[in-house]
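# Chains, contacts and geometry: an overview
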Number of protein chains: 2
Amino acid sequence: MKDLPALPPDHEANVLHPLCPSRLVLAHLTSRWGALILVALEGRTLRFSQLRRALGNVSERMLAQTLQGLETDGMVRRVAHDVVPPHVDYSLTPMGEEAAGLVKGLARWVEGRLPEIMALRAARG
Amino acid sequence: MKDLPALPPDHEANVLHPLCPSRLVLAHLTSRWGALILVALEGRTLRFSQLRRALGNVSERMLAQTLQGLETDGMVRRVAHDVVPPHVDYSLTPMGEEAAGLVKGLARWVEGRLPEIMALRAARG
DNA sequence: AGAAGTACATACATTTTGGTAAGTATAATT
DNA sequence: AATTATACTTACCAAAATGTATGTACTTCT
């Protein structure tokens, strides 16, 4: 995940553009694992390895990286207990819960349209 | 953009997962240029080169590719007039308009939260 | 006559993303 | 004594995404 560049002067025109800050945050929310993490954490707290198992097959590298991106965006809250072996809890901030809801909404909409979409593909493809 | 794989038997668990069909459609909608195209075409028809100018700096390659992905998903309608020089109109299907609305909603939400997010970054970073 | 505009396709190069494997410190378990 | 579990990091490599350059076929503008 990248750092956010400063807002360009002509902000209005660049909304959603690849180099626009909002675009990068959106990318974090909808990234390969970002969306999954948001949905997995909705309403509950999970530890690193629990989350990993919940998502099925994320590499530790990507899970850590994606979580950090969401954390610096203020979507995820990380609480580390200083014990051995390590114990770290991840949960969503209020803003993160909102984001999760929106992403889930989009996902649900896509799922609802999937039969239609796949039928189109089958017909034309 | 990839072809959609068949739905795996344990569909419920894989929703949004990287290899799930719905995930790929979502990826098309939120891809670097996909989101921009949806918003740019909302409620209007544009030709290839108009769209290109509207988006600012897409390469022809990416514009064509992304449009094709959205077209096979049934989001974009392509109408080619058989004249020389070529003239091709792009617009959103009803489903595409819905998708555009949702994506725009997400984008707006992110923009609304941007000050908060950037303040967090500035404070912690 | 030469250049520009149109909507792409294709080959090639580069950038970005993601995975794999290994390392870290320490306690509990076998 | 070796293994397992935890939550990561780092180096390295393969794969995917994206950009660049070029070609096409024909017409209009200069």
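In this text, all values refer to a predicted model and were calculated from it rather than measured experimentally. (Residues numbered from 1 in each chain as written. Chains lettered and ligands numbered in written order. Predicted model: local features only at pLDDT ≥ 70, side-chain atom pairs only at ≥ 80, totals over all residues. Heavy atoms only, no water.)

Turning our attention to the nonpolar core. For soluble globular proteins, the rule of thumb is that nonpolar side chains tend to be buried together. Leu29(A), Met75(A), Leu29(B) and Met75(B) are the most contacted members of the largest nonpolar core, which has 68 residues in total. Once residues lying within four places of it in the same chain are set aside, the contact partners of Leu29(A) are Gly34(A), Ala35(A), Leu38(A), Leu70(A), Met75(A), Ala99(A), Val103(A), Leu106(B), Trp109(B) and Val110(B). (Core = buried A, V, L, I, M, F, W, Y, C linked by side-chain atoms within 4.5 Å. Buried < 20%, exposed > 50% of the residue type's maximum accessible area, 1.4 Å probe, protein only. Contact = heavy atoms within 4.5 Å.)

Residue and element names in this part refer to chain B. If you trace the three strands from one edge of the open sheet to the other, you get β1-β3-β2, paired in antiparallel fashion. What marks the edges here is a single partner per strand, and that holds for β1 (46-47) and β2 (76-81). Sheet analysis places β2 next to strand β3 (residues 87-92), joined by six bridges and oriented antiparallel. When the bridges of β3 are listed, arginine 77 appears paired with serine 91. In this fold helix α3 (residues 34-41) packs onto β1, β2 and β3, with an angle of close to 90° to the strand it touches most, β3. (Pairing = 2+ DSSP bridges. Helix = DSSP H or I, 4+ residues; strand = E, 2+ residues; numbered from the N terminus. Axes fitted to C-alpha atoms, helices over the stretch in contact; angles between N-to-C directions.)

Attention shifts here to the sheet that holds strand β2 (residues 76-81) of chain A. Residues and elements named next belong to chain A. Ordered by their spatial adjacency, three strands build an open sheet running β1-β3-β2, and the pairing between neighbours is antiparallel. Bordering the open sheet on either side are β1 (46-47) and β2, each of which pairs with just one other strand. One ladder, built from two bridges, connects β1 with strand β3 (residues 87-92); its direction is antiparallel. By the bridge assignment for β3, leucine 46 is matched with tyrosine 90.

Another aspect to go through is the protein's contact with DNA strand C. Contacts to DNA strand C come from 20 residues, most closely from Met62(A), Ser49(B), Glu60(B), Arg78(B) and Tyr90(B). Sugar plus phosphate, as a fraction of atoms of DNA strand C within 4 Å of the protein: 69%. In this structure, Ser49(B) approaches DNA strand C through a side-chain N or O atom, which is 2.7 Å from a phosphate oxygen. Within the side chain of Arg61(B), a nitrogen or oxygen atom sits 3.4 Å from a base nitrogen of DNA strand C. Residues that form the surface near DNA strand C fall into these classes: eight nonpolar, four polar and eight charged. (Near = heavy atom within 4 Å. Polar contact = N/O pair within 3.5 Å; in protein donor to acceptor, adjacent residues only side chain to side chain. Nonpolar A, V, L, I, M, F, W, Y, C, P; charged D, E, K, R; others polar.)

Take the interface of chain B and chain A next. In this assembly, 45 residues from chain B lie in contact with 45 residues from chain A. Three residues stand out in chain B for area buried against chain A, namely Leu106(B), Trp109(B) and Arg121(B), and they jointly supply 16% of the buried area on that side. Remark: the boundary between chain B and chain A carries four salt bridges. In this structure, Asp73(B) and Arg121(A) form a salt bridge, with 2.5 Å as the shortest nitrogen-oxygen distance. (Buried area = accessible area lost by both parts, 1.4 Å probe. Salt bridge = Lys/Arg side-chain N within 4 Å of Asp/Glu carboxyl O.)

Attention now moves to the confidence of the model for chain A. Looking at chain A, the pLDDT average stands at 88 and 88% of residues meet or exceed 70. Every residue in residues 2-13 of chain A scores below 50 in pLDDT, and together they form 18 contacts with partners more than four places removed in sequence or on other chains. (pLDDT = per-residue confidence, 0-100.)

This part covers the protein's contact with DNA strand D. Close to DNA strand D lie 20 residues; Ser49(A), Glu60(A), Arg78(A), Tyr90(A) and Met62(B) are nearest. Each atom of DNA strand D within 4 Å of the protein was assigned to sugar, phosphate or base; sugar and phosphate come to 67%. Side-chain polar atom of Arg61(A) to a base nitrogen of DNA strand D: 3.4 Å apart, as the coordinates give it. Residue Ser59(B) places a side-chain N or O atom 3.2 Å away from a phosphate oxygen belonging to DNA strand D.

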